[in-house]
Amino acid sequence: MVAQSHEAEQRTYLRKERRDAYFAALRVAVLDIRRLRYERARKVRRLRKVERYWTKTKRIEMSMEALIALHAFGSAGARQFAEAWRVAAETDDLDTMQQLVQQFSELMRVELQEG
């Protein structure tokens with residue numbers, strides 16, 4: 001009985017860590033998309049406002065933490081998202097970035113509801 005309780009606690013812990021990792025990755029992705037949209041639409045005021053709060057240093061830190069968490073607690077699909085995201089973001093491929101966020105959101109729903 002103690003072993004079952006410990007296993008349940010471990011599953012709960014891992015599920016929470018996965019959820020937190022996924023939300024961190026999604027937060028970074030949505031922020032990157034927003035910044036790119038503002039930049040392309042020449043919405044300088046909005047872009048400055050976002051960048052004032054989410055400085056480049058803060059964004060890099062957020063990205064690294066999300067990536068580490070995805071690799072530690074995410075599924076193979078989540079790690080594939082991270083790699084595809086890196087490629088799309090490096091080339092500012094907004095269409096692919098938006099598609100990836102939709103796909104990742106669906107992956108999140110499926111995986112987090114299963115647990």
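As the structure is a prediction and not an experimental result, all values here were calculated from the model. Sequence order as written defines residue numbering, which begins from 1 separately in each chain. Residues qualify for local features only when their pLDDT is at least 70, as the model is predicted, and side-chain atom pairs are given and counted only at 80 or more; totals for whole chains, interfaces and linings, by contrast, use all residues. Values shown for side chains rest on all heavy atoms present in the structure; no hydrogens or waters enter the calculation.

Engineer: Residues and numbers for the nonpolar core, please.
Structural biologist: Membership of the largest hydrophobic core comes to 29 residues, with the highest contact counts inside it found for Y22, L70, F81, W85 and F104. Comment: elements are numbered from the N terminus, with helices defined as DSSP H or I runs of at least four residues and strands as E runs of at least two. Elements with a contribution of two residues or more to this core: α1 (2-40), α2 (44-53), α3 (56-73), α4 (76-90) and α5 (94-114). Ranked by residues supplied to this core, first place goes to α1 with 11 residues. Here, residues are in contact when the closest pair of their heavy atoms is within 4.5 Å. Excluding residues that lie within four positions of it along the chain, F104 makes contacts with Y22, A25, L26, L70, A78 and F81. Put simply, a nonpolar core is a bunch of buried Ala, Val, Leu, Ile, Met, Phe, Trp, Tyr and Cys residues held in one set by side-chain atoms that sit within 4.5 Å of each other. Categorising residues by exposure relies on relative accessible area from a 1.4 Å probe, with only protein chains included: less than 20% of the type maximum marks a residue as buried, more than 50% marks it as exposed, and the intermediate range marks it as partly exposed.

Engineer: So, α5: which residues are in play, and what are the values?
Structural biologist: Taking 1.5 Å of rise per residue, 21 residues should cover 30 Å, and α5 covers 30 Å from first to last C-alpha, within 8% of that figure. If you check which residues of α5 are buried, you get L94, M97, L100, V101, F104, S105, M108, E111 and L112. Looking straight down α5, one finds its buried side chains confined to an arc of 145 degrees; they lie on one side. In this structure, α5 carries D95, Q102, Q103, Q113 and E114 as exposed residues pointing more than 90 degrees from its buried face. Contacts made by the buried residues of α5 are with α1, α3 and α4. To estimate the expected span of a helix, count its residues, drop one, and scale the result by 1.5 Å. Regarding the arc, it is the one traced by the directions from the helix axis to the C-beta atoms.

Engineer: Break down a positive patch on the surface for me, citing the residues and quoting the values.
Structural biologist: Nonpolar side chains (Val, Leu, Ile, Met, Phe, Trp, Tyr) within 5 Å and like charges within 9 Å form the patches, drawn only from residues with over 30% relative accessible area and no salt bridge. Method for areas: the Shrake-Rupley scheme with a 1.4 Å probe, in which residue coverage is limited to the protein chains shown. Salt bridge, as applied in this entry: a Lys or Arg side-chain nitrogen positioned within 4 Å of an Asp or Glu carboxyl oxygen. Charge convention: Lys and Arg are scored as positive, Asp and Glu as negative, and His as well as the terminal groups of each chain are ignored. Think of each charge as sitting on NZ of Lys, CZ of Arg, CG of Asp or CD of Glu. Together, K43, R45, R46, R48, K49 and R52 make up a positively charged patch on the protein surface. As for its position among the elements, K43 is in the loop between α1 and α2.

Engineer: Can you break down the packing of α1 against α2 residue by residue, with the values?
Structural biologist: Lines fitted to the C-alpha atoms define the axes, with helices restricted to the stretch that makes contact. Angles between their N-to-C directions range from 0 to 180 degrees. Remark: α1 packs on α2, axes separated minimally by 8 Å, with the N-to-C direction vectors making an angle of 150 degrees. By the angle between their directions, the pair α1 and α2 is classed as roughly antiparallel. Every pair of crossing elements has a handedness; the one defined by α1 and α2 is left-handed. Seen from α1, the contacting residues are L31, R34, R35, Y38 and E39; seen from α2, they are R46, L47, V50 and E51. Ten residue types, Ala, Val, Leu, Ile, Met, Phe, Trp, Tyr, Cys and Pro, are classed as nonpolar, four, Asp, Glu, Lys and Arg, as charged, and the remainder, Gly among them, as polar. Tallied by class, the residues present in the contact of α1 with α2 amount to four nonpolar, no polar and five charged. Here the angle decides the label: under 35 degrees means roughly parallel, over 145 means roughly antiparallel, 65 to 115 means roughly perpendicular, and every other value means oblique. What makes a crossing left-handed is the near helix being turned counterclockwise from the far one by less than a right angle; a clockwise turn instead makes it right-handed.

Engineer: Tell me about a negative patch on the surface, residues and numbers included.
Structural biologist: Together, E39, D92, D93 and D95 give the surface a local cluster of negative charge. Tracing the sequence through the fold places D93 in the loop between α4 and α5.

Engineer: Run through the packing of α4 against α5, naming residues and quoting values.
Structural biologist: Direction vectors running N to C along α4 and α5 enclose 165 degrees, while the axes themselves pass 10 Å from each other. Viewed along their axes, α4 and α5 adopt a mutual orientation that is roughly antiparallel. In this structure, α4 meets α5 at a crossing whose hand is left-handed. Residues G77, A78, F81, A84, W85, A88 and A89 of α4 form the contact with α5, whose own contacting residues are T96, M97, L100, V101, F104 and L107.

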